[in-house]
Amino acid sequence: MEIEALRSFVYRVAAMVDRNEKVIKEAAMVKLLRSETYNRVADKALQIHGGICYISEYPIERFYRDARITRIYEGTSEIQKNIIAAQLQRNYKRGRE
Ligand SMILES: Cc1cc2nc3c(=O)[nH]c(=O)nc-3n(C[C@H](O)[C@H](O)[C@H](O)COP(=O)(O)OP(=O)(O)OC[C@H]3O[C@@H](n4cnc5c(N)ncnc54)[C@H](O)[C@@H]3O)c2cc1C
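### Let's talk about the overall build of the protein chain
And step 1. Helix and strand counts for the protein chain come out as four helices and zero strands.
And step 2. For the protein chain, the N- to C-terminal ordering of α and β elements is α-α-α-α.
And step 3. Its C-alpha atoms give the protein chain a radius of gyration of 17 Å, clearly above 13 Å, the size a compact globule of 97 residues would have.
And step 4. When the backbone C-alpha atoms are referred to their principal axes, the protein chain occupies close to 60 × 25 × 20 Å.
And step 5. Per-residue burial over the protein chain gives 9% buried out of 97 residues.
And step 6. Contacts spanning at least 24 positions in sequence make up 58% of the contacts within the protein chain whose residues lie at least 6 apart.

What follows is the structure in structure tokens.
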């Protein structure tokens, strides 16, 4: 469910890019949501399969490990939140002017 919701959002932002629209806020939202979703999904996958998938013989261990770094590289989740907040603040100020 979360992956499908994320997929729809990614397509919406990609369509905005195709229309040459500004996507500073939306790009940060996609990156943040994608990283956080990936981590939740990887965590659930490991939990469903139990201890066997914690060991390196199974691909879920790698999936789980790879998920973690996405919250750090290419702009950490906290930095994406800063970008989103700054953009919302800017839009709010513009709306008041
Ligand atoms: C496997 C791997 C591959 C990488 N590949 C690349 C690459 O190809 N190209 C590249 O340029 N870099 C790459 N990096 C570096 C990556 O982009 C940085 O690790 C990332 O930007 C975070 O910087 P940092 O590790 O110095 O953490 P720091 O900046 O020290 O941050 C530490 C923590 O503090 C938080 N934080 C920092 N500043 C703020 C703030 N203003 N507000 C709120 N929270 C804040 C962060 O969110 C984080 O949780 C890679 C890193 C790894 C581990």
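### Thoughts on the site of the ligand
And step 1. Neighbouring residues of the ligand: I69, I72, Y73, T76, E78, I79 and N82.
And step 2. Per-element accounting of the shell around the ligand gives the leading share, three residues, to helix α4 (residues 77-96).
And step 3. Among the residues making up the shell around the ligand, the classes are represented as four nonpolar, two polar and one charged.

### Some details on the environment of E21
And step 1. Relative to the helices and strands, E21 resides in the loop between α1 (2-18) and α2 (24-49).
And step 2. Judged by the 10 C-beta atoms lying within 10 Å of it, E21 is exposed.
And step 3. Remark: the alpha-carbon pair of E21 and Q89, spanning 68 residues in sequence, is separated by 19 Å.

Scoring rules and cut-offs
Residues numbered from 1 in each chain as written. Predicted model: local features only at pLDDT ≥ 70, side-chain atom pairs only at ≥ 80, totals over all residues. Helix = DSSP H or I, 4+ residues; strand = E, 2+ residues; numbered from the N terminus. Rg over C-alpha atoms; globule rule 2.2 N^0.38 Å. Buried ≥ 20, exposed ≤ 12 C-beta atoms within 10 Å, placed from the backbone. Contact = placed C-beta atoms within 7 Å. Near = placed C-beta within 6 Å. Nonpolar A, V, L, I, M, F, W, Y, C, P; charged D, E, K, R; others polar.

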